[in-house]
Amino acid sequence: MKRVLLAGAATIAGALSAHARDLRLEDFGAPSAIASISAFGATCDDAALAAAAAAGRTIVIDRICAVSNDLALSGMTMWFVERGGGFRVANRKALTFADGATVVAGPYQIFSGPGAVRGLAFPKPEWWGGADQAASVQAAHDSAKFAALNRGVLTPRNTKYGVDLGCGFYTFARTVALSPVTWFPLQFTGCAAALGGTRIMASETFEGDALVDLVAPSSASEQNASFDVGQFQLVNNSAYSATSLLRIGKDDGTSFNPTQQNRIHDIDFENFVNAIEWRNGRLIEFRRIGMFSTAPRAYCLNIDPTSSAGSFVGDADFYQMNCTPCRGTMASCSTGGSYTRNIWIKADHAGTGVAGLRFHAWIGYYSAKNVEIAASNGAAISDIWIETGSQFDGHGEEGGPVNGGIVEATATGTGSIIQNINIGNIYARASSPKHIGSAFTFSADADAAAGAGVNSISMEGTWIANDSAGGVLAHNVRGLKIDAIFASSGFVGQTAVRLEGSTSDVTIHLDMQYCLAPYLYDHAVVAQDTVSNVKVSPSAVSSCVRTPSSNSSRGTGIDLSGLWPRSSADGPSEAKGLATLLGSTVGSLPGCNSSALGQIAYVTDASAAIWGARVAGGGSTKTLAICNGTNWVAR
């Protein structure tokens, strides 16, 4: 019997290879292990279905079977449903497929009636009909969840649980809620996120906040959930009725707390206000996601932990993300004082936080604010990496409002913290003539600065093209490391690096080689207010800076001697501007040791100028020399 059943199953699998085909008993040659439901009674009802299940055969359903009572069909029975056949379940009754029972049918309706159908591990939503596709997808999800949580001893170990989204269009009039839990490893996947693939759309009459909700379990014992979501398009309607196309977590404080990363991948978001809104949870990998919108005030990624104490978002990786939150003009996409954003990370309730986000090769276009990080009211944001290959462009629309900032991180209010922000080897362009301020801004107000405030900021290998703006602004920041390559800036009065307030413990290296007049900075580094403990390592800035300028610092320990050229008045304890270095003979150079490491001089009598070689006097060669901690060497 087992061999016959397996042979029948193989035959059915072959017949199902054409997904949209109508299936008939004749497709299988009517092997002895297959029987029509008519063999168990003239009427297909509860009794006939129970008798067929007990027979342990593959049963062909070619008519509508009425389920009038709660009915469980168990065992290894396979139910093969032809087009026109199916099950009609009475109100408040449930038809349950249990312990190895399976259903085989094409993408057409086989379930009807107000009752529930449960226990199908990976059903097609089309089985519930197309009149209300959100309800059909929800019913398929709920059936799979029941199957996962009630799996029997005969259920194969490799069974997939979730929703079998086919190629084609699904139109939702309300939110579909996905709720993976510890024993329900949800797979919610389509056939492709492209033309001809799976397309999930909000109807013009859509009601709800999110098109798809990924709802975290409220029970702590169920929070080790796993899910694989992707390979489809999510599209808003023309009125942008769905505030979010995909929302993760809700406002009730529930959370995902898995032991390994889950996956959200291969999704195309279109016409969104929020493409992805993340409210609570951790350990998710996002990969290969495209986001394109024409909606006003659109955000590709909106991370905003709920108000519940202990609410947390983090420990996530983002790979190959492409974000265009505004495909119109800046005037049309930024209205009412709100601006489009690629990434908006916000925490504004005490006891809540965001940490451990890693952005790999994020590509962001046409955004008023590319990355905004904001902590307030005692919340904490930390451990953010924006890494190699990421690219951000300002909008470039001349007729729009303020726009083009790359990263803006601000902490406001007592106890608010932003720390350990790492920006490395990225391309950043704040391009619009309407952009005001700096491409990168790190700032804490007086209340936040009284505590941890904003600290431990690192920028390494970052290429900054600021056609109209300053480069980096730090206000009340403790611990700032800048290693950046600067290109042009077009507005008079702009500065590559501006240090304000009580900013302290700063190290700077600038490579300003790519500026063409008249698009030059006025200053390379300006330190003012009570800035302290600033060290500029050897930096070539002359081709990008217009004129020297005296700065108004009242701080201490400010050493800008690494800037070249510099004036004779620029001592290591002052924050002056830039001018030509005075010439010196090799013999008059001070001793080179560890305390002089990094000092730079302009010598006029070197015997030769070989890069990295120790300089010797007695000649007429003019060159720069730098102390490497042991010797003065040519540069």
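Bear in mind that the values here come from a model prediction, so they are computed numbers and not experimental data. (Residues numbered from 1 in each chain as written. Predicted model: local features only at pLDDT ≥ 70, side-chain atom pairs only at ≥ 80, totals over all residues. Heavy atoms only, no water.)

1. A few points about the overall build of the chain
Phase 1: Within the chain one finds five helices and 46 strands.
Phase 2: For the chain, buried positions account for 53% of its 635 residues.
Phase 3: A separation of at least 24 residues holds for 72% of the contacts in the chain among residues at least 6 apart in sequence.
Phase 4: Carbon and sulfur atoms make up 52% of the accessible area of the chain, which amounts to about 24,400 Å² in all. (Helix = DSSP H or I, 4+ residues; strand = E, 2+ residues; numbered from the N terminus. Buried < 20%, exposed > 50% of the residue type's maximum accessible area, 1.4 Å probe, protein only. Contact = heavy atoms within 4.5 Å. Areas by Shrake-Rupley, 256 points an atom, 1.4 Å probe, with all protein chains shown as cover.)

2. What about the sheet that holds strand β4 (residues 71-73)?
Phase 1: Ordered in space as β4-β7-β10, the three strands form an open sheet in which the pairing is parallel. A single partner strand is all that each edge strand has here, and the edge strands are β4 and β10 (116-118). Along the sheet, successive strands turn relative to each other by an average axial angle of 15°, direction set aside.
Phase 2: In the sheet, strand β7 (residues 94-97) pairs with β10 via three bridges, with the strands oriented parallel. Each residue of the ladder has a partner; that of L95, found in β10, is V117. (Pairing = 2+ DSSP bridges. Axes fitted to C-alpha atoms, helices over the stretch in contact; angles between N-to-C directions.)

3. Quick word on the confidence of the model for the chain
Phase 1: On average, residues of the chain score 83 in pLDDT, and 81% of them are at 70 or above.
Phase 2: Within the model, pLDDT remains below 50 along residues 396-403, and this stretch shows 28 contacts once partners closer than five positions in the same chain are excluded. (pLDDT = per-residue confidence, 0-100.)

4. What to know about the environment of M459
Phase 1: By the secondary structure assignment, M459 is in strand β33 (residues 453-466).
Phase 2: Owing to a relative accessible area of 0%, M459 belongs among the buried residues under this scheme.
Phase 3: Between the C-alpha atoms of M459 and A484, which are 25 residues apart in sequence, the distance is 7.0 Å.
Phase 4: Once you skip the residues sitting within four places of it in the chain, M459 turns out to touch I423, F440, F442, I464, V472, K481, I482 and D483.

5. Regarding the sheet that holds strand β5 (residues 78-81)
Phase 1: Spatially, β1-β2-β5-β8 is the arrangement adopted by the four strands of the open sheet, whose pairing is parallel. On the outer flanks of this sheet lie β1 (34-36) and β8 (102-104), each paired with one strand and no other. Going from strand to strand, the sheet's axes swing by 25° on average, the running direction of each strand aside.

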